[in-house]
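An overview of the molecular structure
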Amino acid sequence: ETGVTQTPRHLVMGMTNKKSLKCEQHLGHNAMYWYKQSAKKPLELMFVYSLEERVENNSVPSRFSPECPNSSHLFLHLHTLQPEDSALYLCASSQDAGAESGGYTFGSGTRLTVV
Amino acid sequence: QKEVEQNSGPLSVPEGAIASLNCTYSDRGSQSFFWYRQYSGKSPELIMSIYSNGDKEDGRFTAQLNKASQYVSLLIRDSQPSDSATYLCAVAEGGSQGNLIFGKGTKLSVKP
């Protein structure tokens, strides 16, 4: 495995379900990110982790709960989501927190549909 | 609110022409700028980065930066149908965190 891998690729869940998105990076990077991409909107930064410590939370609703057990793995736990949460969820990593180190590498994303 | 603005397009150019993609940003403290290409149904892929005023060339791609005007552009020479994608401009916030702020993207269509 190389780069940034995300699972599952597609997820359909009901509003009362609990599910988790997984991200793993094989690049030796120290920072990981969750972004949300909705139609006709720019990528929205949700969470930033640097060396397993959360450094930023962009006013994301509590129904999204991140977890970073080590610098290679990042999870996004989902519960009681709303239909407007349907989107492409992208994980990214960078050498260090912030873009000064040369931009982010993105995973393939999880296409989430809330029904 | 820090913003990155792009014309959403679609921008249509014939094969072999030069495609010009533009981006403006609001944060005067930004020092790092990136262009990502995103094919339909795929994730963004970094294609260019630029940090200093002027031009930076990489193959058929040229990034241009003018910090005084808060403007960054991407030129694609000899455009190919395989260049058809959405191009995202991303700007690093000024300050210690420097997280990336993205524009909505410009959809480019290269016609054979």
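Residues numbered from 1 in each chain as written. Chains lettered and ligands numbered in written order. Predicted model: local features only at pLDDT ≥ 70, side-chain atom pairs only at ≥ 80, totals over all residues. Heavy atoms only, no water.

Let's talk about the pattern of salt bridges
Rules: Salt bridge criterion: a side-chain nitrogen from Lys or Arg within 4 Å of a carboxyl oxygen from Asp or Glu. To qualify as a helix, a DSSP run of H or I must reach at least 4 residues; to qualify as a strand, a run of E must reach at least 2; elements of each kind are numbered from the N terminus. We call a residue buried when its accessible area falls under 20% of the maximum for its residue type, exposed when it is over 50%, and partly exposed in between, using a 1.4 Å probe and counting protein chains only.
For the structure shown, the criterion picks out 7 salt bridges over all chains. The salt bridge involving Arg63(A) is made with Asp85(A); its shortest N-O contact spans 2.7 Å. Highlighted residues: Arg63(A) in the loop between strand 6 (53–57) and strand 7 (64–70) and Asp85(A) in the loop between strand 8 (73–79) and strand 9 (87–94), separated in sequence by 22 residues. Across the pair, exposure class does not vary: Arg63(A) and Asp85(A) are buried alike. For Glu93(B), the salt bridge is made with Lys2(B), and the minimal N-O distance between the two is 3.6 Å. One end of the pair, Glu93(B), is in the loop between strand 9 (85–92) and strand 10 (100–102); the other, Lys2(B), is in the segment before strand 1 (4–6), with 91 residues separating them in the sequence.

As for the sheet that holds strand 8 (residues 71–76) of chain B
All names here are of chain B. Stated precisely, the cut-off is as follows: Two strands are said to pair when DSSP picks up at least two bridges between them. Fitted lines through C-alpha atoms serve as axes, helices being fitted only where they are in contact, and the angles separating the N-to-C directions of these axes extend from 0 to 180 degrees.
Ordered in space as 1-3-8-7-6, the 5 strands form an open sheet in which the pairing is antiparallel. If you trace the sheet from one side to the other, it starts and ends with strand 1 and strand 6 (54–58), each paired once. Taken pair by pair, the neighbouring strands of this sheet meet at an average axis angle of 20°, ignoring direction. Taken together, the 3 bridges between strand 1 and strand 3 (residues 19–25) define a ladder with antiparallel strand orientation. Note that in strand 3 the partner of Gln6 across the bridge is Cys23.

Structural notes on the confidence of the model for chain A
Rules: Scored from 0 to 100, pLDDT records how confident the predictor is in each individual residue.
Averaged over every residue, the pLDDT of chain A is 91; the share at 70 or more is 97%. Confidence scores differ between elements of chain A, with strand 6 of chain A showing the lowest mean pLDDT of 79 and strand 3 (residues 18–25) of chain A the highest of 97.

As for the interface of chain B and chain A
We apply this condition: In what follows, residue pairs with any heavy atoms lying within 4.5 Å of each other are defined as contacts. Polar contact is defined as a pair of N or O atoms within 3.5 Å, subject to the rule that within protein one atom must be able to donate a hydrogen and the other to accept it, and that residues adjacent in sequence are counted only when both atoms are side-chain atoms.
Each partner contributes to the interface: chain B provides 17 residues, whereas chain A provides 23 residues. Counting across the chain B and chain A interface gives 0 salt bridges. Along the contact surface separating chain B from chain A lie 5 residue pairs in polar contact (both at pLDDT 80 or more). Elements supplying a minimum of two residues to the side of chain B that touches chain A: strand 4 (33–38), strand 9 and strand 10 of chain B. The element best represented in the side of chain B that touches chain A is strand 4 of chain B, accounting for 3 residues.

With respect to the packing of aromatic side chains
Cut-off, in case you're wondering: Centres within 6.5 Å are what make two rings of Phe, Tyr or Trp a pair, Trp counting through its six-membered ring; a difference in plane orientation under 30 degrees is then read as stacked, over 60 as edge-to-face, and the rest as tilted.
The final tally for this structure, using the stated rule, is 10 aromatic pairs over all chains. Judged by centre distance (5.6 Å) and plane angle (85°), the ring pair of Phe106(A) and Tyr36(B) falls under edge-to-face. Within this pair, whereas Phe106(A) is found in strand 10 (residues 105–106), its partner Tyr36(B) is found in strand 4, the two belonging to separate chains. Residues Phe106(A) and Tyr36(B) agree in their burial class; the two are buried. With a centroid separation of 5.6 Å and 55° between ring planes, the pair formed by Tyr36(B) and Phe102(B) is classed as tilted. Taken together, the residues span a long stretch of sequence, with Tyr36(B) in strand 4 and Phe102(B) in strand 10 at a distance of 66 residues. The two residues Tyr36(B) and Phe102(B) agree in class, both being buried.

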